[in-house]
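Next come the chains, spelled out residue by residue.
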Amino acid sequence: MKVITQSIRYRDTDAYLAGQLAWDESNNQKRPGILVVHGGAGLDDHAKGRAQQLAEQGYIAFACDMYGEGIAGDRERILARLNELTSDTAKLCQRARAGLDILVAHPQTDGRFAAVGYCFGGLTVLEMSRSGMELAGVASIHGSLRTPHPAQTGAIKSKILVCHGALDPHVPMAQVYAFLEEMNNAGADWQFIVYGGALHGFTHDPGSAFPGVAYHPVADARSKIALHNFFDELFGANPLSPSS
């Protein structure tokens, strides 16, 4: 195996974006594509690292850029862009779709796609699913569950995995219960895993100094297994061979 990465510049209308593609160069077979959506800080080593891990598992992964040039590292501009995207779910999904299109156009993807997001990225992939985007599945890892536009019955076409920290103060249980009710009313195929002792952002090592956010190695390890199993369910244990 020879996993390599490549910086990809692309656009969403007038926004200039730069993501990172990861794949195993030693294998020329077609395989599923996985979109990785970063957390609130912007495209960082965490999201890029998760994309590389997925490439090691046999997928073509693209860690997309939801913010654009000059945003990451500037707190005020990050907050402004977050507010802009989360207040307009159509724009949010369009921006994510621009990243997905990089995978769709890749000559080695086989027409099967999924998405995984962390924190803000978790919110993003759930909105992609609510919009009816054609994905095999989406996984939200310590993501926000709130939405201004709950899914309509039959609108969700993708399977859904949510991995949630039981002590996450940023996603309170009232939000959890509302999400579960929404998924049931929509007739979605969903699964929801709660990790005891885990706060928000439990996969980020080192953790953030932000209140209510902390790395939790056990929850991180368990959510990796859950995500691996979820993609196995979607694509088969060998992603290079389409499931029957």
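Predicted model, so just to flag it, every value in this text is computed and none were measured.

What counts as what
Residues numbered from 1 in each chain as written. Predicted model: local features only at pLDDT ≥ 70, side-chain atom pairs only at ≥ 80, totals over all residues. Heavy atoms only, no water. Helix = DSSP H or I, 4+ residues; strand = E, 2+ residues; numbered from the N terminus. Contact = heavy atoms within 4.5 Å. Pairing = 2+ DSSP bridges. Axes fitted to C-alpha atoms, helices over the stretch in contact; angles between N-to-C directions. Expected span 1.5 Å × (residues − 1). Buried < 20%, exposed > 50% of the residue type's maximum accessible area, 1.4 Å probe, protein only. Arc of directions from axis to C-beta. Phe/Tyr/Trp six-rings, centres within 6.5 Å; stacked < 30°, edge-to-face > 60°. Salt bridge = Lys/Arg side-chain N within 4 Å of Asp/Glu carboxyl O. Right-handed = clockwise from strand over helix to strand, strands pointing away.

S.K.: Run through the side chain of Thr89, naming residues and quoting values.
M.R.: Within the secondary structure layout, Thr89 lies in helix α3 (residues 89–105). Leave out the neighbours within four places in its chain, and Thr89 touches Glu127, Pro148 and His149.

S.K.: Can you explain the sheet that holds strand β4 (residues 60–63)? Please cite residues and give values.
M.R.: Strand pairs in the sheet, formed through backbone hydrogen bonds, run parallel or antiparallel to each other. Strands sit in the order β1-β2-β4-β3-β5-β6-β7-β8 across an open sheet of eight strands; the sheet is mixed. With partners counted over all chains shown, the strands left at the sheet margins are β1 (3–12) and β8 (190–195), one partner each. Averaged over all neighbouring strand pairs, the angle between strand axes comes to 20°, with direction disregarded. Contacts between helix α1 (residues 45–56) and the sheet are confined to β1, β2 (15–24), β3 (31–37), β4 and β5 (109–118), with β2 contributing the most and set at about 35° to the helix.

S.K.: Break down helix α5 (residues 173–186) for me, with residues and values.
M.R.: Here α5 contains 14 residues, and its C-alpha end-to-end distance of 20 Å stays within 8% of the 20 Å for a straight helix at 1.5 Å per residue. Of the residues making up α5, those classed as buried are Gln175, Val176, Phe179, Glu182, Met183 and Ala186. On an axial view of α5, the arc spanned by its buried residues comes to 125°, and they lie on one face. What points out from α5, more than 90 degrees from its buried face, is the exposed set Ala174, Tyr177 and Glu181. On the buried face of α5, the contacting elements are α4 (120–130), β7 (159–165) and β8. Count one or two residues on from α5 and you reach Gly187, which has phi positive near 70°.

S.K.: An account of the packing of aromatic side chains is needed here, citing residue identities and associated values.
M.R.: One pass over the structure, following the stated rule, counts eight aromatic pairs. Between the aromatic rings of Phe230 and Phe231, the centroid separation amounts to 5.9 Å while the plane-to-plane angle is 40°, which identifies the pairing as tilted. Using a relative accessible area of 2% as the deciding quantity, one classes Phe230 as buried. The buried category is assigned to Phe231, whose relative accessible area is 0%. When the ring of Phe231 is compared with that of Phe235, the centres are 6.3 Å apart and the planes differ by 35°; the resulting orientation is tilted. A residue pair is termed a helical-turn pair when its members lie 3 or 4 positions apart in one helix, as Phe231 and Phe235 do in helix α6 (residues 217–235) at four residues.

S.K.: Run through the pattern of salt bridges, naming residues and quoting values.
M.R.: Close approach of charged atoms allows side chains with opposite charge to pair. Using the criterion set out here, one finds 11 salt bridges in the structure. Where Glu69 meets Arg9, a salt bridge forms, and the shortest distance between an N and an O atom there is 2.6 Å. With Glu69 in the loop between β4 and α2 (75–86) and Arg9 in strand β1, this residue pair connects regions lying 60 residues apart in the sequence. Overall, the relative accessible area of 42% leaves Glu69 in the partly exposed class. Here Glu127 ties to Arg130 by a salt bridge, and the two come within 3.3 Å at their closest N and O atoms. Here Glu127 and its partner Arg130 are both found in helix α4, three residues apart, which amounts to about one turn of the helix.

S.K.: Describe the pairing of β7, and please don't skip the residues or the numbers.
M.R.: Regular strands have side chains that alternate between both faces of the sheet. Taken across its seven residues, β7 has six buried, putting it largely inside the fold. Two strands pair when backbone bridges link them, and strand β6 (residues 137–141) and β7 are joined in this way by five bridges, in the parallel orientation. Of the residues in β7, the one forming a bridge with Gly137 is Lys159. The β-α-β motif built from β7, the intervening α5 and the parallel element β8 has right-handed crossover chirality.

Function cannot be read off these values alone, since they describe shape.
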